[in-house]
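Analysis of the macromolecular model
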Amino acid sequence: MTVLIKNGRVIDPANNLDATKDVRIVKGKIEAIDPPGKINIDEKGKTSVIDAKGCVVCPGFIDMHVHFREPGFEYKETIESGCKSAAAGGFTSVAVMPNTKPVNDTRSVTELMLSQARAKGIVRVYAIAAITQGLAGECLSEMGDLKDAGAIAFSDDGRPVMNNELMRRAFEYSKMFKVPLIQHSEMLDLTEGGSMNEGAVSTELGLKGMPVEAEDIMVYRDIALLEKTGGRLHVAHISSGNSVDLVRQAKAQGLPVTCEVAPHHFILTDEAVRGYDTNTKMSPPLRTAKDVERIKEGLKDGTIDIIATDHAPHDLTDKQCEYQNACFGIVGLETALPLTLKLVDENIFSLSDAIKKLTSAPADIFNLDSGELSIGKQADVVIFDPDYEYEVDVSKFHSKSKNSPFNGWKVKGKVLHTLVGGKVVYSAVEH
Amino acid sequence: MTSVVFDAKDISRAITRISHEILERNKGANNLALIGIRTRGVTLAQRIRVKINEVENTEIDFGILDITLYRDDIASGKHPPPVEKTSIPFPLEGKQVVLVDDVLFTGRTIRAAIDALIDFGRPSTVQLGVLIDRGHRELPIRPDYVGKNIPTSKNNRVRVRMSEDDGIDEVHIIDPSTAKDS
Amino acid sequence: MFKPRSILGTNGLKKDEIVTILDTADTFKEISTRPIKKVPTLRGRTIINLFFEPSTRTRTSFEIAGKRLSADVINISGSTSSTVKGENLIDTAQNLEAMNPDILVIRHSQSGAAEMISRNIQCPVINAGDGFHEHPTQALLDLQTIRETKGSLEGLKVAIVGDIAHSRVVRSNIYAMKAMGMEVRLVGPPTMIPVEIQKLGVSVDYYLEKAIQDVDVIMMLRIQTERQNRYLLSSLREYSNLFCLTSKILEKAKDDVLIIHPGPVNRGVEIALDVMESERSLILNQVTNGVAVRMALMYLLLGGSDDSVN
């Protein structure tokens, strides 16, 4: 099976490529990338041709932070629906968090998730297993066994590892397995009962706030531990300007720290909470305009390594209630591209850099065989039209859940085709 | 087109006559109480009270009634009319109350006023005095004292102006169907 | 003419709108002094009090207000335990709306509940208090109480004392008072002053005696010892030592200073007994005005007429 993608602007940050090229895929692998027209298409075998004129052709996006809710919360999302959502968003690889039920803290759960993903055959799914058993923060999980079963990193996300001694030992232990620990940085005692950022808006709305210090203190603690323990830290969904500064400093000192940001943290501020729409409730919460500014600086100067959506599907029953009672989180896979392109329009970074943060950068940090269009590598490709304008319509989302604050937003940038291993797993219906 | 049907002199004579009629009917000012309705009924009642004082040399009980809350046409979806104060600072038992209003038309305002009055107590009699009776009754209400009967058609508007409220004493009729003057 | 769709808060109310409400309330006050304390204005209308937080006095005030306007008033209590995920809040409101109430009065322990319900039903809503967010009828009756004694509100200085962070009465009063051109000073221990509250145009002070010296009105708030205040207070004894309004402290205040409190009062903790009973305390006037203000709001929400009559 041969696929030819013609006339597209091929952007491949891993190979420093940004030019109009034709791409030929044979048997699921990238066979050739050549100037347009050079590749011969008359041959005995069938060639599927995709005309990518006016579009960008780049490696399929990689999302290092999604919640697919299976096993245990299938009413919100399943691995299958999550993968479909990913494909529609241009993602060819995702890493799923372990806060399922049961928690992914034993190899049998890891194997279940991975085999389910393989069976559905939509996008590549990687497993992030738990740092502590049951996410209880008391006892280390069987990291060795889990890595052997396929886990590519460890995290207790949804929750932080609060106990300092345990976190220290987790870093030390993880050294053996050479994978990063992903921390949901939140000092729970400072945020208890809170449902939005602590600031002028929370004061007006009468909602208990979650101060930035809760995030900053834990980021600082983890960095402070890291130097002695070894191991690698990846800060999940960074939202605080102070935390960005801490990561910048740590990198300058040569410490193995990386971090990610979710699109909602560079698009929205806590002002969005006015009106009490529960689709503005997530953890960490939307912060102030000043924080958003500093996040953009961090993206610009490379302090923030990757963009990861923290796709957190929730059913209506979990969201259509009082703000304090609503679950934290929003879906993000199907809005990530247009929101990221907004920053390109604002000159925060170039299109190539934006794509890097969604492809080669996550692949490097987590050692994935993905995120590039090199010859011979598996053909995970996304073709998108960066100029196509449309309105976000959550009812058309492929995710089971529609909890997004961006419904009705006029945006630019639409995924047209997503290919995994040369096979088209998503094609846009309207364009 | 607007025409003046009652001027300042007419009004003054009418008030004098009504005041005398009230005293005659009620055989003096004992047990008498005047209660003015809404804005201009109150002004009129004040003038009658002053006149009665001149004649009988006595202060009679005086009250102000706002009937907005008793109207039968309170409906939602439109503007709530502004409510003014009601003040009936004396007991009604045993009193001969004269309700005073500027214009008697359908009679619904008076019905509302009687309802309101009953909530305050039980007067021995209630009489009605109006400056203008313009006909077109929709309820069985009749005035005891009338300044002037003025036949009108239903779409006319009758405006009473009193110098205390409007700077001038006059009553005019506005006929919206006639052509406007250039 | 001011005809609001709902009364969810004082935030956004303009000065002339507040004046209309207070003037209307003034006229309604008189009805409660008649032997027959009823007018037929809202005869046959249905008003539902949906109270998810227990409150005898506010609910009774709304009930009396509706009944004095001849409306049929129904009281419903709900539970807001956040661990009990039973009938969802919107479901409850929509179920009630299907029975055609004319007004829904709602009190809830969580901020934003009134707004949320209002978005999901058609009939007018009066917010009787949502979490720490707003309690508009309280602020309006506070203003009425001050106005009827002082004559006018413009330029008056008010000190509000107590657990500012957890008070919806404070927020509603700040918006209403600022709209009327009054100056607001918040007083309490630093732990109970919410972050960046100065952005609302108010000043903050931690010392009671100093803070009340030049004010025209002192509003004392209820101090609560619930779980949420675990780390904010050392003990009621200490709080009282520092923030209780005693006659000794009052000596430093203006001679004609007024004292109000949204109630119920923690006697001896927030206000000393002799101060509560002094003639400068208008706490009982507040209760009387509460009925009048609520009647006025119900009238403004529902009372309307075709002005072509008469």
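Scoring rules and cut-offs
Residues numbered from 1 in each chain as written. Chains lettered and ligands numbered in written order. Predicted model: local features only at pLDDT ≥ 70, side-chain atom pairs only at ≥ 80, totals over all residues. Helix = DSSP H or I, 4+ residues; strand = E, 2+ residues; numbered from the N terminus. Rg over C-alpha atoms; globule rule 2.2 N^0.38 Å. Buried ≥ 20, exposed ≤ 12 C-beta atoms within 10 Å, placed from the backbone. Contact = placed C-beta atoms within 7 Å. Pairing = 2+ DSSP bridges. Axes fitted to C-alpha atoms, helices over the stretch in contact; angles between N-to-C directions. Domains from an automatic or database assignment. Nonpolar A, V, L, I, M, F, W, Y, C, P; charged D, E, K, R; others polar.

Secondary structure assignment for chain C yields eleven helices and nine strands. Computed over the C-alpha atoms, the radius of gyration of chain C is 19 Å, within 12% of the 19 Å expected from 2.2 N^0.38 for a compact globule of 310 residues. With 310 residues in all, chain C has 50% of them scored as buried. Relative to all contacts within chain C whose residues are 6 or more apart in sequence, the contacts with residues 24 or more apart total 75%.

All names here are of chain B. Mapped onto the fold, T125 is located in strand β5 (residues 125–133). Residues T125 and E93, 32 residues apart in the sequence, show an inter-C-alpha distance of 9.6 Å. Each residue touching T125, except ones within four places of it in the same chain, is listed here: Q96 and V97.

Turning our attention to unusual backbone geometry. The phi torsion of most residues other than glycine is negative, and most of the peptide bonds are trans. Across the junction of K101(A) and P102(A), the peptide omega takes the value 5 degrees, indicating a cis bond. Along the chain, G263(C) connects to P264(C) via a cis peptide bond; the corresponding omega equals -10 degrees. Tracing the sequence through the fold places P264(C) in the loop between β9 (258–260) and α10 (273–276). The phi dihedral of L135(A) falls on the positive side, at around 60 degrees, and the residue is not glycine. With respect to the helices and strands, the residue L135(A) is situated in the loop between β8 (124–129) and α3 (143–149). Under the C-beta neighbour-count criterion, L135(A) is labelled buried, with 22 such atoms within 10 Å. For Y276(A), which is not a glycine, the phi torsion comes out positive at approximately 60 degrees.

Attention now goes to the pairing of strand β1 (residues 2–12) of chain A. Residues and elements named next belong to chain A. Bridge analysis of β1 against strand β4 (residues 47–51) gives five bridges, and the strand direction is parallel. In the sheet register, L4 faces β4, and the bridge partner there is V49. When β1 meets strand β2 (residues 17–26), the two strands line up antiparallel, connected through nine bridges. Residue pairing across strands places T2 opposite V26, the latter belonging to β2. Counted between consecutive antiparallel strands, the loop separating β1 from β2 contains four residues, among which N16 sits at a positive phi close to 55 degrees. Direction of pairing for β1 relative to strand β5 (residues 56–59): parallel, over a ladder of two bridges. For V10, the partnering residue across the bridge sits in β5 and is V57.

Next up on the list: the sheet that holds strand β2 (residues 72–77) of chain C. Residues and elements named next belong to chain C. One open sheet accounts for four strands, arranged β2-β1-β3-β4; its pairing is parallel. Two strands lie at the open edges of the sheet, namely β2 and β4 (125–130), each paired on one side alone. Pairwise comparison of adjacent strand axes, ignoring direction, gives a mean angle of 15 degrees for this sheet. Direction of pairing for strand β1 (residues 46–51) relative to strand β3 (residues 103–108): parallel, over a ladder of five bridges. Paired with L50 across the two strands is I106, which belongs to β3.

Here we take up the arrangement of the chains. There are two pairs of chains in contact here, and the one with the most contacts is chains B and C. For the non-touching pair chain A and chain B, the nearest C-alpha separation works out to 26 Å.

The subject of this paragraph is the domain arrangement of chain C. Residue and element names in this part refer to chain C. Domain annotation for chain C reports domain 1 (15–134 + 288–302) and domain 2 (136–286). Put simply, the middle of domain 1 and the middle of domain 2, counted by C-alpha atoms, are 25 Å apart. Only α1 (15–29), β4 and α11 (283–302) provide two or more residues apiece to the side of domain 1 that touches domain 2. Of the residues that constitute the side of domain 1 that touches domain 2, the class distribution is nine nonpolar, seven polar and five charged.

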